[in-house]
Amino acid sequence: MINYFPEEVLWHVFSFLTSHPDRNAASLVCKSWYNVERFSRGKVFIGNCYAISPERMISRFPRVRSLTLKGKPHFADFNLIPQDWGGNVYPWIVAMAKGSTNLEELRLKRMVVSDESLELLAKSFPNFKSLVLVSCEGFTTDGLAAIASNCRFLRELDLQENEVEDRRGQWLSCFPDSCTSLSSLNFACLKGEVNVAALERLVARCRNLKSLRLNHAVPPDALQKILAQAPQLVDLGADSFVHDPESETYNKLKNVMQKCSSIRSLSGFLDVNARCLPSIYPICINLTSLNLSYAPGIYSKELVKLIHKCKKLQRLWILDTIGDKGLGVVASTCKELQELRVFPSDLHVVGNVAVTEEGLVAISAGCPNLNSLLYFCQQMTNAALITVAKNCPNFIRFRLCTLNPTIPDAVTMQPLDEGFGAIVQSCKGLKRLSVSGLLTDQVFLYIGMYAEQLEMLSIAFAGDSDKGMLYVLNGCKKLKKLEIRDSPFGNMALLADTGKYETMRSLWMSSCGVTFGGCKTLAEKMPRLNVEIINEGDEMEGRPDDRQKVEKMYLYRTLVGPRKDAPDFVWTL
Amino acid sequence: MSPPLLGVEGGGRGNAPLMSSSASVDCISQSGSGLKERNYLGLSDCSSVGSSAVSNVSGENKNNLNLNATELRLGLPGSRSPERDSDFNLLTSGKLDEKQLFPLLPSMDGICSLSQKSIVSGNKRGFSDTVDGFSEIKNSVFTDGKWMFNANGSDSGTPQSVVEAKLAGNAGINVMLSNNSSGTQPSMKKEVPTRAPQEGHNKLNGSNNNSSAPAAKAQVVGWPPIRSFRKNTLATTSKNNDEVDGKPGPGALFVKVSMDGAPYLRKVDLRTYSTYQELSSALEKMFMCFTIRQCGSQEAPGREMLGENKFKDLLHGSDYVLTFEDKDGDWMLVGDVPWEMFIESCKRLKIMKGSDAIGLAPRAMEKSKNQS
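As a convention, each chain's residues are numbered from 1 in the sequence order in which they are written. Each chain takes a letter, starting from A, and each ligand takes a number, starting from 1, following the order in which they are written. Given that this is a predicted model, residues contribute local features only at a pLDDT of at least 70 and side-chain atom pairs are listed and counted only at 80 or more, while totals for whole chains, interfaces and linings are drawn from all residues. Excluding hydrogens and water, the side-chain figures rest on all heavy atoms present in the structure.

Peer 1: Whenever I open this one, the overall build of chain B confuses me. Can you help?
Peer 2: Secondary structure elements follow DSSP: runs of H or I no shorter than four residues count as helices, runs of E no shorter than two count as strands, and numbering proceeds from the N terminus. In terms of helices and strands, chain B carries 14 helices and 5 strands. Counting only residues that meet the buried cut, chain B has 58% of its 372 residues in that class. The contact criterion used throughout is that any non-hydrogen atoms of two residues lie within 4.5 Å. For chain B, contacts bridging at least 24 residues in sequence account for 63% of all contacts bridging at least 6. Each accessible area is a Shrake-Rupley estimate made with a 1.4 Å probe; only the visible protein chains count as cover when residues are assessed. Counting only carbon and sulfur atoms, one obtains 51% of the accessible surface of chain B, whose full area is about 14200 Å². With a 1.4 Å probe rolled over the protein chains alone, any residue whose accessible area is under 20% of its type maximum counts as buried; one over 50% counts as exposed, and the rest are partly exposed.

This is the structure in structure tokens:
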């Protein structure tokens, strides 16, 4: 009966489908649904840019307005992937320009973006509104200048943690006077100077500006002037903060801050004198998001004083200089906390504090709404993890990183299997998990048994045998991404269920036990997977022996066969 | 699981049979393949040092401790000189009865806290109290030389050796990570040293570096997993902060603290204190052991209280005064100027005998007037 619905009705119904998994599911129902869905899909998400080609994407979704692309595998963040591996966005932009796509939004993560790409982007899509680049590289401020100059309706320019070469080209000045549409501008990751006067004028004329994150080059007195022009800001990032609490600038900043009652999110403080923090106390009460993970200069004491005022905090990113005691303060103050990230601080600023399992337990006890965690710690215990699991059954993302990757339970010296087992058993909605510490196959048995919703799992220096990996592959039905390093899993585990990999986005294995022969076998069996070996140095010259271990293997499902842009050191088997 | 010791080296010195003894005993050269045992306790426990002494077995036999040279600084991977290694070796194999099991750098959070916790209760607790946040050893369960790395019984190695042991079962793998690092060396090598400072917490990184072994070999590439952007940003910041002229940067403010008669110096981060009282208490705790003989005992809390009082008497009595060297190189009495001014000008601290400190006070007053 559903087949006789007129298409208009389906259109209307589908317009309420926003998440791409839902849309993907709908498109599988029948041909007519597939067609209606594909013409109505405006936002396309591609988790692995090599899974499909730009042309095929455009032909399936001709009305795409927003494209999200991810390039390099996650472990590229940690220098495990050499330069020039790939992930170039240029072919995508070329294809969309040719296809006259009405692109409005482009969101890229871990991709290589050249200035050429940015220029083409800026000139090809008249309605382009939003550019979000996360952990990308390959472009310079010249590319940004092109965007600023040409995108007349630009609303969002959001650069997060990219490696950008500074060309001193005054890119900010390239925003024409007619540009008043900016609502979000984030250039905190840029290292170079900006034209502060141009920035001030830009802020003044963009009355819709809600999110502004400045880089270190914007001096405090400019910050104060900018804030005076933009009291409507909701999100502020300032890396260069005041140093002298006696100065005129400080006073002005204090006064201006009091008027910024809309600010809900704060970040930056790369360079700050902690004694100037009281200037932001007035807005603390409204903060829901606070990122001080780049603020090594704020000491535990001042940190605690600040956090004590942030009772409505939902997201907190912080350095481990806060210490267990500081986390205790967070636990008793931030009752609505949902996401916590504790990063290890740089060696130079380490004090006597660090975080251990105690801090985590305190947080779990005080913040029952916690659902997302990234925790770098000196040590951990099973007992603590069991307590955390009991206190916080709502975890969706749980990433624990012991600074010593194979450290056992600090009290019992046992592996941390039981602790993580408790987490997966209790947190039925867990989607992402990173484990660390001393771990045997047992933890993977637990993960396979209990982590039914798990989509992404990161393993390092863990497990005893192939069984570990098998438990995971057999048990986690929703697994999409599996990344493993330095663990004793070999061909047996790799080849046990080759069909599994087509249900997943990708598998990364490095410094494990898989051999060249095993990878070849897999590649032969599964033509719709790209099995790529990253071969650096002289490990494998010419014809490598089948028994030789593969240092880095990355495999992913794809509809378009081996990629054509693979560099010399990447072999697709 | 048996303790990794093969025997108490150098005779039974002191009363600490196990952990504290010679790092060398247990340290088999790292560059060999196969199981390795490492002594991570005692002074070698900030294993960056201990296992650096890996191949330096000769150290165990020397009795004279070149302690002055053992500046308590956590050696960054690859940055330590050979003689430093041997110094530490000496230290570990040295007089056990005096062994305080001081972590090398009390303000190095990770290493110290770990070592605190893994110190056997049979040994002197020493500096546990000076480490902020660890007011007592909660986990003095490790009574028989279980090392953190040794937990799985096979070897007490770093992840490298752990991985080796595990992988040895799978295939005849040798030094896998050396393959890894050698393979990635061209691109990775230069990254390793820059990463090292940030990964100082990671005992692994620090631990296995010999001056003899190439630094990259023992590094765990990409651990802890932090984005390079973040690492680079924080590294640059701390560098800049250190260079800030005149005023100390917002970063840590470490100064050396020496005490007459103590075998080695300490370092404190002045930023963690906000009053003279706090600094004074912390220093008391740190150095109390030097003023009390044989303070090794199991009932440390009681002992320490006794010790503290005694030390306080010593300090506030006529025996010891706290002095500091300012930017001009003058030695001044601590306590005359406001705290903020003090930390800006303090370059090092010294706990002097009262008799030596005569004549300092007047100068301090003058100086502070001139300095404002």
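Peer 1: Help me understand the UniProt feature "domain: COI1 F-box" (unreviewed entry) in chain A in this model?
Peer 2: UniProt positions are given in the numbering used here, feature names are shortened, and annotations may be inferred rather than shown by experiment. Within this structure's numbering, the places UniProt gives as "domain: COI1 F-box" (unreviewed entry) are residues 5–41 of chain A. For residues 5–41 of chain A, helix accounts for 70% and strand for 0%, while the C-alpha atoms at its two ends are 19 Å apart.

Peer 1: How do you make sense of helix α16 (residues 417–426) of chain A when you look at a structure like this?
Peer 2: Among the 10 residues that make up α16(A), 7 are buried, leaving the element largely enclosed by the rest of the structure. Looking at the buried residues of α16(A), the elements they touch are α15 (382–391), β16 (397–402), β17 (432–434) and α17 (441–450) of chain A.

Peer 1: Where do I start with the sheet that holds strand β3 (residues 320–325) of chain B in this structure?
Peer 2: Working definition: the strands of a sheet are paired by backbone hydrogen bonds and lie parallel or antiparallel to each other. Residues and elements named next belong to chain B. One requirement defines pairing of two strands: DSSP has to find at least two bridges between them. Spatially, the 5 strands line up as an open sheet ordered β2-β1-β5-β3-β4, and their pairing is mixed. The open sheet has two edge strands, β2 (266–269) and β4 (331–333), and neither has a second partner. Sheet twist, expressed as the average angle between the axes of neighbouring strands with direction ignored, equals 35°. Relative to β2, strand β1 (residues 254–259) runs antiparallel, the two sharing 4 bridges. The residue of β2 that forms the bridge with Phe254 is Asp269. Axis definition: a line fitted to C-alpha atoms, limited for helices to the stretch in contact. Angles are taken between N-to-C directions and run from 0 to 180 degrees.

Peer 1: Just to check I follow, could you spell out the confidence of the model for chain A for this structure?
Peer 2: For any part of a model where pLDDT is low, the fine detail of the predicted coordinates should not be relied upon. Each residue carries a pLDDT value, the predictor's own confidence for that position, ranging from 0 to 100. Model confidence for chain A is summarised by a mean pLDDT of 91, while 97% of its residues fall at 70 or above. Taken together, the stretch residues 347–352 of chain A has pLDDT below 50 and engages in 37 contacts with residues farther than four places along the chain or on a different chain.

Peer 1: For this particular structure, what's the right way to read the pattern of salt bridges?
Peer 2: Two side chains of opposite charge can pair, provided their charged atoms sit close to one another. By definition here, a salt bridge exists when the distance from a side-chain nitrogen of Lys or Arg to a carboxyl oxygen of Asp or Glu is within 4 Å. Evaluation of the coordinates by the stated rule reveals 26 salt bridges over all chains. Here A:Asp177 and A:Arg205 are joined by a salt bridge, their closest N and O atoms 3.9 Å apart. Within this pair, whereas A:Asp177 is found in the loop between β7 (163–165) and β8 (184–186), its partner A:Arg205 is found in helix α8 (residues 196–205), the two being separated by 28 residues in sequence. For A:Asp177, a relative accessible area of 63% puts it in the exposed group. Residue B:Glu278 is joined to A:Lys301 by a salt bridge in which the shortest nitrogen-to-oxygen separation is 3.7 Å. Placement of B:Glu278 in helix α11 (residues 276–291) and of A:Lys301 in helix α12 (residues 300–307) is noted, with the two residues assigned to different chains. Several salt bridges converge on common partners, so that one network encompasses A:Asp77, A:Arg110, A:Glu161, B:Arg227 and B:Arg230.

Peer 1: Would you mind showing me how to read the side chain of A:Ser511 here?
Peer 2: Residues and elements named next belong to chain A. As for its position among the elements, Ser511 is in the loop between β20 (506–510) and α20 (516–525). Look at Ser511 and you get buried, because its relative accessible area is 2%. In protein, a polar contact means a hydrogen-donor-capable atom and an acceptor-capable atom, both N or O and within 3.5 Å, with residues adjacent in sequence counting only if both atoms are side-chain atoms; elsewhere, any N or O pair within 3.5 Å suffices. In terms of polar contacts, Ser511 uses its side chain to reach the side chain of Glu551, at 2.6 Å.

Peer 1: I tried to follow the pairing of strand β21 (residues 529–534) of chain A on my own but got confused; where do I start?
Peer 2: Side-chain direction in a regular strand flips from residue to residue, so the side chains alternate between the two faces of the sheet. Residue and element names in this part refer to chain A. Extensive coverage of β21 is indicated by the burial of 6 of its 6 residues. Side chains Leu529, Val531 and Ile533 of β21 all project onto a buried face; the interleaved residues Asn530, Glu532 and Ile534 project onto the opposite face, where all are buried too. Both β21 and strand β22 (residues 552–557) contribute to a ladder of 6 bridges, which runs antiparallel. Note on β22: the bridge partner recorded for Ile533 is Met553. As paired elements, β21 and strand β23 (residues 570–572) share 3 bridges and run antiparallel to each other. Within β23, the position partnered with Ile534 by the bridge is Val570.

Peer 1: I tried to follow a nonpolar patch on the surface on my own but got confused; where do I start?
Peer 2: A cluster of nonpolar side chains, namely A:Phe5, A:Val9 and A:Val13, defines an oily patch on the protein surface of about 240 Å² accessible area. Mapped onto the elements of the fold, A:Val13 is located in helix α1 (residues 7–14). Patch definition: residues above 30% relative accessible area lacking any salt bridge, with like charges linked at up to 9 Å and the nonpolar side chains Val, Leu, Ile, Met, Phe, Trp and Tyr linked at up to 5 Å.

Peer 1: Can you walk me through helix α5 (residues 90–98) of chain A in this structure?
Peer 2: Because each turn of an α-helix spans 3.6 residues, side chains separated by three or four positions in sequence point in the same direction. Residues and elements named next belong to chain A. Every buried residue belonging to α5 is among Trp92, Ile93, Ala95 and Met96, and all of these are buried. Projected onto a plane normal to the axis of α5, the buried residues spread over an arc of 165° and lie on a single side. On its buried side, α5 packs onto β1 (43–46), α4 (54–60), β2 (66–70), β3 (105–109) and α6 (115–124). Two residues or fewer after α5 comes Ser100, characterised by a positive phi angle close to 50°. It is the directions from the helix axis to the C-beta atoms whose arc is reported.

Peer 1: Please clarify how the nonpolar core should be interpreted in this entry.
Peer 2: For soluble globular proteins, the rule of thumb is that nonpolar side chains tend to be buried together. Grouping buried Ala, Val, Leu, Ile, Met, Phe, Trp, Tyr and Cys residues that are joined through side-chain atoms within 4.5 Å yields what is termed a nonpolar core. A:Trp171, A:Leu185, A:Phe187, A:Phe398, A:Ile447 and A:Leu507 are the most contacted members of the largest nonpolar core, which has 196 residues in total. Residues in contact with A:Phe398, not counting those within four places in the same chain, are A:Leu373, A:Leu385, A:Val388, A:Phe420, A:Ile423, A:Leu430, A:Arg432, A:Leu433 and A:Ser434. Counting 25 residues, the second largest nonpolar core, distinct from the first, contains B:Ala282, B:Phe287, B:Tyr320 and B:Val334.

Peer 1: Explain the confidence of the model for chain B here, please?
Peer 2: All names here are of chain B. The pLDDT averaged across chain B works out to 52; a share of 25% of its residues lies at or above 70. With pLDDT under 50 throughout, residues 293–312 is counted as low confidence; its partners more than four residues away or in other chains account for 27 contacts. Predicted complex metrics record ipTM = 0.89 and pTM = 0.68.

Peer 1: In this structure, what is going on with the environment of A:Leu103? I would like to understand it.
Peer 2: Inspection of the secondary structure assignment puts A:Leu103 in the loop between α5 and β3. Those residues in contact with A:Leu103 that lie beyond four places of it in its chain are A:Val64, A:Arg65, A:Ser66, A:Leu67, A:Met96, A:Leu121, A:Phe125, A:Asn127 and A:Phe128.

Peer 1: Before we go on, may I ask you to explain the packing of α6(A) against helix α7 (residues 141–150) of chain A in this structure?
Peer 2: Between two packed helices, both the angle of their axes relative to each other and the distance between the axes serve to describe the pair. Residue and element names in this part refer to chain A. With their axes 8 Å apart at the nearest point, α6 and α7 run at an angle of 5° to one another. The orientation of α6 with respect to α7, classified from their angle, is roughly parallel. On the side of α6, the interface is formed by Asp115, Leu118, Glu119, Leu121, Ala122 and Lys123, while α7 contributes Asp142, Gly143, Leu144, Ala146, Ile147 and Asn150. Residues are grouped as follows: Ala, Val, Leu, Ile, Met, Phe, Trp, Tyr, Cys and Pro are nonpolar; Asp, Glu, Lys and Arg are charged; all remaining types, including Gly, are polar. When grouped by side-chain class, the residues that make up the contact of α6 with α7 number 6 nonpolar, 2 polar and 4 charged. Should an angle fall under 35 degrees it is called roughly parallel, over 145 degrees roughly antiparallel, and 65 to 115 degrees roughly perpendicular, with every other angle called oblique.

Peer 1: Which parts of the structure should I look at to understand unusual backbone geometry?
Peer 2: Across residues other than glycine, the phi torsion is negative in most instances, and most of the peptide bonds are trans. Backbone torsion omega between B:Trp223 and B:Pro224 reads -5°, so that peptide bond is classified as cis. With respect to the helices and strands, B:Pro224 occurs in the loop between α9 (215–218) and α10 (228–243). Phi is positive for A:Phe269, close to 60°, though the residue is something other than glycine. With respect to the helices and strands, A:Phe269 occurs in strand β11 (residues 265–271). Residue classification places A:Phe269 among the buried positions, given a relative accessible area of 1%.

Peer 1: Sorry, what's going on with the packing of helix α9 (residues 220–229) of chain A against helix α10 (residues 248–259) of chain A here?
Peer 2: Residues and elements named next belong to chain A. It is the contact of α9 with α10, at a shortest axis distance of 9 Å, that shows an interaxial angle of 25°. Here α9 is positioned roughly parallel relative to α10, judged by the angle of their axes. Taken as a pair, α9 and α10 cross one another with a handedness that is left-handed. Between α9 and α10, the contacting residues are Pro220, Asp221, Leu223, Gln224, Leu227 and Ala228 on the first element and Thr249, Lys252, Leu253, Val256 and Met257 on the second. In terms of residue class, the contact of α9 with α10 is made up of 7 nonpolar, 2 polar and 2 charged. Should the near helix be turned anticlockwise from the far one by less than a right angle, the crossing is left-handed, and should it be turned clockwise, the crossing is right-handed.

Peer 1: I keep staring at the side chain of A:Arg563 and nothing clicks. Help me out?
Peer 2: Residue and element names in this part refer to chain A. Mapping Arg563 onto the fold places it in the loop between β22 and β23. Of the residues examined, Arg563 reaches a relative accessible area of 9% and is grouped as buried. Separated by 2.9 Å, the side chain of Arg563 and the backbone oxygen of Trp85 make a polar contact. The contacts of Arg563, once residues within four sequence positions are left out, are Tyr50, Trp85, Gly86, Asn530, Glu532, Tyr556 and Val570.

Peer 1: Honestly, the environment of A:Ile322 in this entry has me stumped. Any pointers?
Peer 2: Residues and elements named next belong to chain A. With respect to the element layout, Ile322 can be found in the loop between β13 (315–319) and α13 (323–333). On the basis of relative accessibility, which here comes to 0%, the residue Ile322 falls in the buried class. For the pair Ile322 and Tyr299, spaced 23 residues apart in sequence, the C-alpha to C-alpha distance is 7.4 Å. Dropping the residues within four chain positions of it, Ile322 is found in contact with Ser300, Leu303, Ile307, Leu327, Val330 and Val355.

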